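Next come the chains, spelled out residue by residue.
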Amino acid sequence: MKLIPTPLKAEFYEGYASQTAKENITINPGLESEEYILSVTSDSVNIESASEKGVFYARQTLKQIAMQSERLPICKIHDKPRFEYRGFMIDSARHMQEIDEIKKIIDVMSMLKFNIFHWHLTEDQGWRFESEKYPGLNTKAAVRKYSDFGTTINNKPYGRVYTKEEMKDIVSFCKDRYIDVIPEFDMPGHVSSLLHIFPELSCHGNAVEVKTHQGIYNDILCPAKDKTYEVVENILDEFCEIFPYKYFHIGGDEAPPKQWEECPECNRLKAEKGLAKWTEYQNYFMNIIIDYLSKKGKDTIVWNDAAKGSNLDKRAILQFWKEGYTKPSVEFANGGGRMILSPFKNYYMDYDYKITPFRKTLAFKPRLSGLTDEGYNNVIGVETPIWTEYIWENEKLERFLFPRVIAVAQTAWSEKEFGFDSFVDEIEYITKLISDKGVVFEDTSEWGYSKYTTALGWLRFVNEHYMPSKTETDY
Ligand code: ACM
Ligand code: ZN
C-alpha cells in the first residue's frame, strides 16, 4: 500500500472488511492531538484519536487506501506527525488568487496533512486585508497603477482587498480541514502600500506609491513615531478578529535601514535605547509588536532576517529562509527559541524545476547543521512558501506547487526518507487523488532534474524577470 505522507506504522493483513462493516470512533484523551489509530477488521473500521482532528487524518489515509483497493483491506495503522507545524504560504499580495482557487489549494493541502495556511496579505505592491478603521487601505493601498514584473507589463490598475466576508469564508473552509490560517502583516519593510495612505509613518513623510515592480524598497516604517504603533496596532486588532489563531506573522524580512540612518528621530531613539546596530533597532521595533500580540494571546512568527540582531524576543518564532543568517538562527534555536524551516533553495516554490528540482525539495533534512538536540527540539516544523511576482495564472501556481509540495508534506509528517525514484513511485495514488480535484501538475518531463540547480536555469530566470519589460500581458 502506498501512503503519503508515510504513517508512523502501518500493517496490512490478509482479507477485507465486509461491505457492512461499521465505523466506530473512540475518543481517547491519552493520545496526542493529531494522533490516530486506525484498525480495519473483517466487520469494523475503528478509529481511535484524542479529537476530531485525528479522525480527520484517519479518513484522509482511508481515502488513499480506497483508491488502491476496491475492498478495504484488514489493517492496523498507528500514525502521528513528526512536526506540529506543517505549513504552506501563498503570497496573495503581488498577485491575488480568487477565493475558489485558494480553497482548491487548501483542500488538496489538507489531503497531504498540512495544518497551517500562512496567508501573505500585505506588500509593497498591494494591500489585501479589508479594514473598517482605515478605508483608504481598501481603495488606495490595494491598487497599484500598473504591473511591471520583468519581461511582462500590464498597463491596467491592479488589485483589491479580500473582504472580511471572503477571509471569514477561508477561515471557515480551513476549520473544516483542521488548518489554522496565519495571516502575515509584513513590517517594518514591504509596507509601501500602507505608506501610500500613511506617508507620515515613514521617516521622510513624503508620498509613497504602491510599487509596480518587484524588489526590496527603502520605504519602511519609522519606529520612532508614536503614530506608527497606533496605526499598526489598530490594524493588528482587526486582523486578530478575523484570524483567531495561536500564531501571527509580522514579517520582518528585507527592511533596509537606509532611511533610519538618515532620520534624526531614529538616530536619537537608537542611542537612547543603547542599541549598537540597526538590526538591533529593527528588533527593538519587532519586540514591541511581539509583546503587543503576546498580550492578545498570540505567538509571533518573524522571518529569520531578525536573527541578525542579537536582541530578538525569545518568545518569537523564527522562520528560517535565508541561509546567510544560518548561524544566528541556529543559535536562536539552540538557546531556546522556536524555529520553522523554509529553506529558500529547497522550499521556495516560486522557482521553476530547473532552479529548484523536485529532488532538491525532497532532499532537504530539517536537522540543520549546528543544531544541538535542544535546538532540534525547538524546530516546530516546516513551511513551503510560494511568492507570486511572476505567478498570476492558477495553472502556473499549481504546476509550481505540484508535485514538489508532496515532498514537503512527507518531511513535515514523517521521518521516513525516500530516494527520488522510490518517492515518485510512492506518490502515485496521492497524485491521482490530487489530480481528481482538478489540480494541474508540472509535466513529468520536468520532475527529474538533478538536485543541482543549473546555471542555465538561473540565467533564464534572470533574463525573464530582470530585463526591462517588453511584453504586454492582459491578466
Ligand atoms: C522572503 O522571502 N522575503 C521572506
Ligand atoms: Zn525614523
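Quick notes on the rules
- Residues numbered from 1 in each chain as written.
- Chains lettered and ligands numbered in written order.
- Predicted model: local features only at pLDDT ≥ 70, side-chain atom pairs only at ≥ 80, totals over all residues.
- Heavy atoms only, no water.
- Helix = DSSP H or I, 4+ residues; strand = E, 2+ residues; numbered from the N terminus.
- Rg over C-alpha atoms; globule rule 2.2 N^0.38 Å.
- Buried < 20%, exposed > 50% of the residue type's maximum accessible area, 1.4 Å probe, protein only.
- Areas by Shrake-Rupley, 256 points an atom, 1.4 Å probe, with all protein chains shown as cover.
- Pairing = 2+ DSSP bridges.
- Axes fitted to C-alpha atoms, helices over the stretch in contact; angles between N-to-C directions.
- Contact = heavy atoms within 4.5 Å.
- Expected span 1.5 Å × (residues − 1).
- Parallel < 35°, antiparallel > 145°, perpendicular 65-115°, else oblique.
- Left-handed = near helix turned anticlockwise from the far one by under 90°.
- Nonpolar A, V, L, I, M, F, W, Y, C, P; charged D, E, K, R; others polar.
- Core = buried A, V, L, I, M, F, W, Y, C linked by side-chain atoms within 4.5 Å.
- Arc of directions from axis to C-beta.

Scanning the protein chain from terminus to terminus reveals 18 helices and 18 strands. Taking 2.2 N^0.38 as the reference for a compact globule, 475 residues should give roughly 23 Å; the C-alpha atoms of the protein chain span a radius of gyration of 23 Å, in line with that estimate. When its C-alpha atoms are laid out on the principal axes, the protein chain stretches across 75 × 50 × 45 Å. Per-residue burial for the protein chain yields a buried fraction of 59% across its 475 residues. Surface summary for the protein chain: the accessible area is close to 18,800 Å², and the carbon and sulfur share equals 50%.

Before going further, it helps to examine the sheet that holds strand β11 (residues 152-154). Pairing is mixed across the open sheet formed by 3 strands, whose spatial order is β10-β11-β18. A strand with exactly one partner marks an edge of an open sheet, and here the two such strands are β10 (147-149) and β18 (471-472). Of the pairings in the sheet, the one linking β11 to β18 comprises 2 bridges and is parallel in character. Paired with Ile153 across the bridge in β18 is Glu472.

With that settled, the discussion passes to the sheet that holds strand β7 (residues 116-120). Whenever strands of a sheet pair, they do so through backbone hydrogen bonds, lying parallel or antiparallel. If you trace the 8 strands once around the closed barrel, you get β6-β7-β12-β13-β14-β15-β16-β17, paired in parallel fashion. Taken over all neighbouring pairs, the strand axes of this sheet differ in orientation by 30 degrees on average, direction set aside. Pairing of strand β13 (residues 247-251) with strand β14 (residues 299-303) involves 3 bridges; the strand directions are parallel. Following the sheet pairing, Tyr247 is matched in β14 by Asp299. Sheet strands in contact with helix α9 (residues 278-295) are β12 (180-187), β13 and β14, and its direction is about 160 degrees off that of β13.

Counted at 1.5 Å a residue, the expected span for helix α6 (residues 226-242) with its 17 residues is 24 Å, and the 25 Å between its end C-alpha atoms agrees. Buried within α6 we find Thr228, Tyr229, Val231, Val232, Glu233, Ile235, Leu236, Glu238, Phe239, Cys240 and Ile242.

When two helices pack together, their arrangement is captured by the angle between the axes and the distance separating the axes. Interhelical geometry of helix α2 (residues 99-111) versus helix α14 (residues 394-401) gives an angle of 15 degrees and a closest axis separation of 11 Å. Judged on the interaxial angle alone, α14 and α2 are roughly parallel. The two elements α2 and α14 meet at a crossing, and its hand is right-handed. Two secondary-structure elements touch here, α2 through Glu101, Lys104, Ile105 and Met109 and α14 through Asn394, Leu397, Glu398 and Leu401. Looking at the contact of α2 with α14, its residues break down into 4 nonpolar, 1 polar and 3 charged.

Attention now goes to the nonpolar core. Counting 126 residues, the largest nonpolar core has Phe117, Phe243 and Phe402 as its most contacted members. Once residues within four sequence positions are removed from consideration, Phe402 is found in contact with Ile105, Val108, Met109, Leu112, Tyr353, Ile434, Val439, Val440, Phe441 and Glu442. Core analysis: the second largest hydrophobic core is formed by 16 residues, Val40, Val55, Leu62 and Cys75 among them.

Further remarks concern the pairing of strand β17 (residues 379-386). Looking along a regular strand, one sees the side chains alternate between the two faces of the sheet. In terms of burial, β17 is a largely internal element, 8 of the 8 residues being buried. The sheet contact formed by strand β6 (residues 85-91) and β17 spans 6 bridges and is parallel. Bridge pairing in β17 links Arg86 to Val382. Note that strand β16 (residues 338-341) and β17 share 3 bridges and pair parallel. Across the sheet, residue Met339 finds its bridge partner in β17, namely Val379.

Regarding helix α10 (residues 326-334), the residues found buried are Ser329, Val330, Phe332 and Ala333. Down the axis of α10, the buried set is contained in an arc of 155 degrees. They therefore lie on one face. On the buried face of α10, the contacting elements are β15 (317-320), β16 and α13 (373-377). Just past α10, the residue Gly336 takes up positive phi, approximately 110 degrees.

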